[in-house]
Amino acid sequence: ERPATPTSSAPGTGVAPIATERRRVTFRTADDVVIAAWLYPAADRAAPAVVLAHHLSGNRDEWDEFVRAAKAASPALGTTFLALDLRGHGESTGRAGGPALDWREFAAAEWRKIEDDLKAALVYLRSGIDVAPARIALVGSSIGSSAALFTMAHDPQIAATVALSPGLEYRGLDTRGPASALSGRPVLFVAAKGDLDSAAAAAALHALCRGSREHVYEQASAHGVALAAQAP
């Protein structure tokens, strides 16, 4: 798993920036971690929602231009996006009664808990506080895709998942079990051909997840959200 590489705004998308409302929201996990997120609401409270989970070492800001490009590409399709900071990243470093969380210090057990961050996001979206989506999908980048696969495997109500630059054992998270469990459900594995480890992982997970789809960008080598610069 590679740390995120900073990118400039809207790299290579060819999409002019559009006015996209976003606001900071927070919610709490089952083990009392306060998760910070950007909510990009659709005009319709019941519009489908997409939860976005970032790279190792990244934060919720890495999705900003992705969301703007998606909304510009399909202005008639109302979609709510929720981009969260995984625990130990960005502003998601506080836990009641405990020291600040830092991903650099995580052991395998703490990495396993990032699924709880996505579960908390689902609880927030389903609460109806700000939005009330009829359907929810997950998109994860790199280690965020591991969290997304585990979360969907344990939640039959998730409509679909996209695993962007997936791995087989990022930080000890073995995704082969969840992939097998998701056979027959809507899952898409995406990778760049030149990102050799991720391309191999996407192929292996696609083979395990019967009925899933796989897309490999033949002329690209970027990892995670940075792939948008090479394959808008």
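Since the structure is predicted, the reported quantities are computational estimates derived from the model, not experimental observations.

Thresholds, definitions, all that
- Residues numbered from 1 in each chain as written.
- Predicted model: local features only at pLDDT ≥ 70, side-chain atom pairs only at ≥ 80, totals over all residues.
- Heavy atoms only, no water.
- Buried < 20%, exposed > 50% of the residue type's maximum accessible area, 1.4 Å probe, protein only.
- Helix = DSSP H or I, 4+ residues; strand = E, 2+ residues; numbered from the N terminus.
- Contact = heavy atoms within 4.5 Å.
- Salt bridge = Lys/Arg side-chain N within 4 Å of Asp/Glu carboxyl O.
- Core = buried A, V, L, I, M, F, W, Y, C linked by side-chain atoms within 4.5 Å.
- Axes fitted to C-alpha atoms, helices over the stretch in contact; angles between N-to-C directions.
- Left-handed = near helix turned anticlockwise from the far one by under 90°.
- Nonpolar A, V, L, I, M, F, W, Y, C, P; charged D, E, K, R; others polar.
- Phe/Tyr/Trp six-rings, centres within 6.5 Å; stacked < 30°, edge-to-face > 60°.
- Lys NZ or Arg CZ within 6 Å of the ring centre and 35° of its normal.

**As for helix α1 (residues 64-73)**
Here is step 1: Residues of α1 that are buried include every one of D64, E65, V67, R68, A69 and K71, and no others.
Here is step 2: Looking at the packing, one finds that the buried side of α1 touches β2 (33-40), β3 (49-53) and β4 (80-84).

**A short note on the environment of T93**
Here is step 1: Inspection of the secondary structure puts T93 in the loop between β4 and β5 (94-95).
Here is step 2: C-alpha of T93 to C-alpha of L188: the two residues are 95 residues apart in sequence and 30 Å apart in space.
Here is step 3: Beyond its immediate stretch of four places on either side in the chain, T93 contacts V34, G88, P99, A100 and L101.

**Points about the environment of F106**
Here is step 1: Following the sequence through the fold, F106 ends up in the loop between β5 and α2 (108-112).
Here is step 2: Using a relative accessible area of 13% as the deciding quantity, one classes F106 as buried.
Here is step 3: Once residues within four sequence positions are removed from consideration, F106 is found in contact with R87, G88, L101 and W111.

**Considering the pattern of salt bridges**
Here is step 1: For the structure on display, the rule yields 21 salt bridges.
Here is step 2: When the shortest N-O distance is used, the salt bridge between D32 and R28 registers 3.9 Å.
Here is step 3: The residue D31 makes a salt bridge to R87 at a minimum N-O spacing of 2.8 Å. Note that D31 is positioned in the loop between β1 (23-28) and β2 and R87 in the loop between β4 and β5, a separation of 56 residues in sequence.
Here is step 4: Residue classification places D31 among the partly exposed positions, given a relative accessible area of 22%.
Here is step 5: What emerges from the salt-bridge pattern is a single network uniting D31, R87, R95, E110 and D117.

**So, the nonpolar core**
Here is step 1: Formed by 46 residues in total, the largest nonpolar core has its most connected members in F27 and L82.
Here is step 2: Among the elements that take part in this core, helix α3 (residues 114-126) stands out by supplying 7 residues, more than any other.
Here is step 3: The next biggest cluster of nonpolar side chains, apart from the first, holds 17 residues, and it includes V50, A83, V139 and A220.

**Brief notes about the packing of α3 against helix α4 (residues 143-153)**
When two helices pack together, their arrangement is given by the angle between the helix axes and by the axis-to-axis distance.
Here is step 1: Taken N-terminus to C-terminus, the directions of α3 and α4 make an angle of 65 degrees; their axes are 9 Å apart at the nearest point. The two elements α3 and α4 cross, and the hand of that crossing is right-handed. Touching I114, E115, L118, K119 and L122 of α3 are I143, A147, A148, F150 and T151, all from α4.
Here is step 2: Of the residues in the contact of α3 with α4, the class split is 7 nonpolar, 1 polar and 2 charged.

**As for the packing of aromatic side chains**
Here is step 1: Summed over the entire model, instances satisfying the criterion amount to 3 aromatic pairs.
Here is step 2: Measuring from ring centre to ring centre gives 5.2 Å for W63 and F66, while their planes differ by 80 degrees; the resulting arrangement is edge-to-face.
Here is step 3: On the basis of an interplanar angle of 75 degrees and a centroid distance of 5.2 Å, the ring pair of F106 and W111 is categorised as edge-to-face.
Here is step 4: Look at W111 and you get buried, because its relative accessible area is 1%.
Here is step 5: Lying over the aromatic face of W38, R60 brings its terminal NZ or CZ to 4.3 Å of the ring centre.

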